[in-house]
Amino acid sequence: MYNDCHSSAVNTAVHLAQLHYRVLLVDLDMLHGDCAFQLGMQPRPPREHLLSQLEELGEIDAQMVAKTVRALKLPGMDDHALHVLDSPATFVPLDGPAEENLSLLIEFVMASYDYVVVDLPPGRLFDRAIAPMLDFSERVFLTTNRDLSSLKSVISLCRVLSQTSFSMNKLSMVFAGMLEQPGFDQAVDQSGV
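Before going into details, it helps to say that this report is about the structure given with it. Note that this is a predicted model, so its numbers are computed, not measured.

Rules behind the numbers
Residues numbered from 1 in each chain as written. Predicted model: local features only at pLDDT ≥ 70, side-chain atom pairs only at ≥ 80, totals over all residues. Heavy atoms only, no water. Helix = DSSP H or I, 4+ residues; strand = E, 2+ residues; numbered from the N terminus. Buried < 20%, exposed > 50% of the residue type's maximum accessible area, 1.4 Å probe, protein only. Contact = heavy atoms within 4.5 Å. Core = buried A, V, L, I, M, F, W, Y, C linked by side-chain atoms within 4.5 Å. Pairing = 2+ DSSP bridges. Axes fitted to C-alpha atoms, helices over the stretch in contact; angles between N-to-C directions. Salt bridge = Lys/Arg side-chain N within 4 Å of Asp/Glu carboxyl O.

### Examining the overall build of the protein
Each helix and strand in the protein was counted, giving seven helices and six strands. The burial tally for the protein puts 42% of its 193 residues in the buried class. When contacts within the protein are restricted to residue pairs at least 6 apart in sequence, long-range pairs at least 24 apart make up 75% of them.

### Focus on the nonpolar core
Nonpolar side chains in soluble globular proteins generally cluster together in the buried interior. With 24 residues, the main nonpolar core has Leu28, Leu51, Leu54, Leu85, Leu94, Leu102 and Leu105 as its most contacted residues. Listing elements by their share of this core, those giving two or more residues are strand E1 (23–27), helix H3 (62–68) and helix H4 (97–110). No other element matches H4, which puts five residues into this core. In contact with Leu105, not counting residues within four places along its chain, are Leu50, Leu51, Leu54, Ile60, Val65 and Leu85. Ala9, Ala13, Leu39 and Val84 belong to the second largest nonpolar core, which has 18 residues in total.

### Examining the sheet that holds strand E2 (residues 70–73)
Reading across the sheet, the four strands line up as E2-E3-E1-E4 and stay open at both edges, with mixed pairing between neighbours. Taken across any chain shown, the strands that pair with only one partner, and hence form the sheet edges, are E2 and strand E4 (115–119). Strand-to-strand twist in this sheet, taken as the mean axis angle between neighbours without regard to direction, amounts to 25°. Direction of pairing for E1 relative to strand E3 (residues 81–85): parallel, over a ladder of three bridges. Across the sheet, the residue bridging to Leu24 is His83, located in E3.

### Thoughts on the pattern of salt bridges
A complete count under the given rule lists two salt bridges for this structure. In this structure, Arg44 engages Asp86 in a salt bridge whose closest nitrogen and oxygen atoms are separated by 3.0 Å. Here Asp86 lies in the loop between E3 and H4 and Arg44 lies in the loop between helix H2 (35–38) and H3, a separation of 42 residues in the sequence. Residues Arg44 and Asp86 agree in their burial class; the two are buried. The shortest N-O distance in the salt bridge between Arg70 and Asp86 comes to 3.1 Å. On the criterion of sequence distance, the pair formed by Arg70 in strand E2 and Asp86 in the loop between E3 and H4 is long-range, its members being 16 residues apart. The pair Arg70 / Asp86 is uniform in exposure class, with both members buried. Each of Arg44, Arg70 and Asp86 takes part in a single network of salt bridges with overlapping partners.

### Here's the deal with the side chain of Asp86
Judged by its relative accessible area of 4%, Asp86 falls in the buried class. If sequence neighbours within four positions are ignored, Asp86 has contacts with Asp27, Ala36, Arg44, His49, Leu51 and Arg70.

### Quick word on the environment of His15
Here His15 lies in helix H1 (residues 8–18). Along the sequence, His15 and Leu82 sit 67 residues apart, while their C-alpha atoms lie 9.5 Å from each other.

Honestly, that's just the spatial picture; any functional story needs more than this.
See the structure below:
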């Protein structure tokens, strides 16, 4: 069921949960998030999402988080579930109080789970609200394609990251579509890479 998903965050979270870890998948692509969709979960109204209420969040507690985190029973695992904090699929400004509350929320849930897998939207890696998550992270997976334009973007991103306080040894590259690509594979083979 999950092998057809294109999101490495979804696949990573599912596999960790199948290994009986307590896993929370957080979809921070506020407007276009598709983690819940890929998992076959029904959408909820935006007002029912904790992430759409970031600006007015008070003190974060376990009961507040439990109300909005959904449990997905995985096939063959009756006593275990993947927990999902899905995207509200609406515009959520991540500035002011929302920026600080997002960091506090992620820090809070990190204490409750073995793994917190965060799916970030493309191009938001340098948002002030997202940047602290890079520091919280044990590992950052950057998924890209193997075309020249994508690789050029990755090189630019790595240059910028290396000029920040981010520890580059946390970064791992994941190349989408690992099927043989005649032009790319021949060029790599000839270059000896």
